[in-house]
Amino acid sequence: MRIIPAIDVIDGKCVRLTQGDYAKKKVYNENPLEVAKMFEDAGIIDLHLVDLDGAKAGKVVNWKVAESICSNTKLNVDFGGGIKKKEEITTLLNIGIRQVNLGSIAVKDPEQVFSWLDEFTSEKIILSADVKNETIAISGWLESGKVELFDFINQYVAKGIKHVACTDISVDGMLTGPNLSLYKKLQKSFPNLRIIASGGVGTMEHLLQLRAANVFGVIIGKAIYEGRITMKELIKF
C-alpha cells in the first residue's frame, strides 16, 4: 500500500481544512516546498498536492508551488484542484506533475474527460471522487451533486480509468478513522481498480486497517501535521 502525504495549498501556504470547510482552515507551514523536502528526506516517494484556491476558483491557481516542488524534489507528485482545461493538464505534466486528479470536471463534463483519457492515457489521470453518503460533492466540496458514487465510477471504468482517489468528506480532517466499509465495498465492486483512500486517518492502526482492506494507496494529511503519526512510524510501516 502506497503512503501518500498530502500538501493542501491556500495562498501559497500549506494548510488543512476540517470536513472540507474553508472556514476551518489551519496554516501548518508558510512554505510547501519545505514540507515536501521534509517528506522526501524521510524517504517518502509520493505526494498528493491540492490547490484549494484552484478548487474554489475552477482553474489552477497555485502554479508556482507545483513548479517549485517538481523542480526541487524527486517526489512523484499528483496534483488536483480546479483543473478544467486541456492546456492546464499539458502544462502540469510538462512541469513534472506525474498525475492529475480530475473531480468536478469529471462530474460536469464526462465526455471531455473521456477524450483526455484517450489523449493523456489512464496512467496520467486519477479520477477524484469526493463523497458524502456515497454521493459525489464537487467544486472544492462546496457543491453536492446528485451523482451516485458507484454509477460515477462505473462510467469511467468503461473508458479505461485505472486510478480512483476516494475521499469521504464526513470524516476528512477528523482523525477518527477512515470509512473502511466504503473502501471494502469499492474494492469488491471494482477489484481491478487502484483505489486510493483519503479522509479520516489518524493513527497507525487506521493504516493497518486500510492495508487489510487491500487499497492501493492512502492519502494522509492532518495526522502527520498534528504529530499523530510520525515520519519514523511511516517509514517503518
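Our structure is the block above this text.
Sequence positions are assigned chain by chain, starting from 1 and proceeding in written order. The predicted nature of this model means local features are confined to residues of pLDDT at least 70 and side-chain atom pairs, given and counted, to a pLDDT of 80 or more, with totals for whole chains, interfaces and linings taken over all residues. Note that the side-chain values use all heavy atoms of the structure and ignore hydrogens as well as water.

1. Here we look at the environment of Leu193
Link 1 in the chain: Helix numbering and strand numbering both begin at the N terminus, where a helix is a DSSP run of H or I of at least 4 residues and a strand a DSSP run of E of at least 2. Examined against the element boundaries, Leu193 turns out to sit in the loop between α8 (180-189) and β11 (194-198).
Link 2 in the chain: Separated by 33 residues in the primary sequence, Leu193 and Gly160 have C-alpha atoms spaced 9.8 Å apart.
Link 3 in the chain: Each residue touching Leu193, except ones within four places of it in the same chain, is listed here: Ile153, Val157, Ile161, Lys162, His163, Val164 and Gln187. It only takes one pair of heavy atoms within 4.5 Å for two residues to be counted as in contact.

2. Examining the nonpolar core
Link 1 in the chain: Among buried residues, those of type Ala, Val, Leu, Ile, Met, Phe, Trp, Tyr and Cys that are joined through side-chain atoms within 4.5 Å constitute a nonpolar core. Burial here depends on accessible area, computed with a 1.4 Å probe over protein chains only, as a share of the maximum for the residue type. Under 20% is buried, over 50% is exposed, and the range in between is partly exposed. Counting 70 residues, the largest nonpolar core has Ile7, Leu149, Leu186 and Ile220 as the members making the most contacts within it.
Link 2 in the chain: Residue contacts for Leu149: discarding those within four places in its chain leaves Ala129, Val131, Glu134, Ile136, Cys166, Leu182 and Leu186.
Link 3 in the chain: Membership of the second largest hydrophobic core comes to 7 residues, among which are Leu17, Tyr22, Val50 and Leu52.

3. Overview of α8
Link 1 in the chain: Among all positions of α8, only Leu180, Leu182, Tyr183, Leu186 and Gln187 are buried. The arc that holds the buried residues of α8, viewed along the axis, is 160 degrees, so those residues lie on one side. Within α8, the exposed residues directed more than 90 degrees away from the buried face are Ser181 and Lys188.
Link 2 in the chain: At its buried positions, α8 is contacted by β7 (125-132), α7 (149-157), β10 (163-168), β11 and α9 (204-212). Of all possible arcs, the one meant is that of the directions from the helix axis to the C-beta atoms.

4. Description of the packing of helix α4 (residues 86-94) against helix α6 (residues 110-120)
Between two packed helices, what matters for the description is the angle formed by their axes and the separation of those axes.
Link 1 in the chain: In the contact formed by α4 and α6, the axes pass within 11 Å of each other and the chain directions differ by 30 degrees. Judged by the sense of rotation from one axis to the other, the crossing of α4 with α6 is right-handed. In this structure, α4 uses Lys86, Ile89, Thr90 and Leu93 to contact α6, whose residues at the interface are Trp116, Glu119 and Phe120.
Link 2 in the chain: Split by residue class, the contact of α4 with α6 holds 4 nonpolar, 1 polar and 2 charged. A fitted line through C-alpha atoms represents every axis, and for helices the fit uses only the stretch in contact; the resulting angles, taken between N-to-C directions, go from 0 to 180 degrees. For any pair of crossing helices, the crossing counts as left-handed if the nearer helix is rotated counterclockwise from the farther one by less than a right angle, and right-handed if it is rotated clockwise. As a working rule, the residues Ala, Val, Leu, Ile, Met, Phe, Trp, Tyr, Cys and Pro are called nonpolar, Asp, Glu, Lys and Arg charged, and the rest polar, with Gly in that last group.

5. A word on the side chain of Asp46
Link 1 in the chain: In this fold, Asp46 is placed in strand β4 (residues 46-51).
Link 2 in the chain: Polar contact is defined as a pair of N or O atoms within 3.5 Å, subject to the rule that within protein one atom must be able to donate a hydrogen and the other to accept it, and that residues adjacent in sequence are counted only when both atoms are side-chain atoms. Engagement of the side chain of Asp46 in a polar contact is seen with the side chain of Asn76, the distance being 3.5 Å.
Link 3 in the chain: Setting aside anything within four residues of it in sequence, one finds Asp46 in contact with Arg2, Ile3, Ile4, Pro5, Leu75 and Asn76.

6. Overview of the packing of aromatic side chains
Link 1 in the chain: Two rings from Phe, Tyr or Trp (for Trp, the six-membered ring) form a pair when their centres are within 6.5 Å of each other. A pair whose planes differ by under 30 degrees is stacked, one over 60 is edge-to-face, and the rest are tilted. What the rule picks out here adds up to 5 aromatic pairs.
Link 2 in the chain: Centre to centre, the rings of Phe114 and Tyr156 are 5.1 Å apart; their planes meet at 65 degrees, and the pair counts as edge-to-face. Here Phe114 is found in helix α6, whereas its partner Tyr156 is found in helix α7, with 42 residues between them in sequence. Judged on exposure class, the residue Phe114 and its partner Tyr156 are both buried.
Link 3 in the chain: Three or more aromatic residues link up through ring pairs in this structure, and these residues are Tyr28, Phe39 and Tyr225.
Link 4 in the chain: Just above the ring of Phe114 sits the side chain of Lys159; from NZ or CZ to the centre is 5.1 Å. Working rule: Lys NZ or Arg CZ, within 6 Å of ring centre, within 35 degrees of ring normal, means a charge sits over the ring.

7. Observations concerning the pairing of strand β12 (residues 217-220)
Link 1 in the chain: The alternating pattern of β12 places Gly217 and Ile219 on one face and Val218 and Ile220 on the opposite face, and all of these are buried.
Link 2 in the chain: As defined by bridge partners, strand β1 (residues 2-10) adjoins β12 across 4 bridges and the pair is classed as parallel. Considered in β12, the bridge of Ile4 is made with Ile219.
Link 3 in the chain: Across 3 bridges, β11 lies against β12 in parallel orientation. Following the sheet pairing, Ile196 is matched in β12 by Gly217.
Link 4 in the chain: Note on handedness: a crossover is taken as right-handed if, strands pointing away from the viewer, the path from the first strand over the helix to the second is clockwise. Regarding topology, α9 serves as the crossover connection from β11 to the parallel β12, and that connection is right-handed. Strands pair, by our definition, only if DSSP identifies at least two bridges between them.

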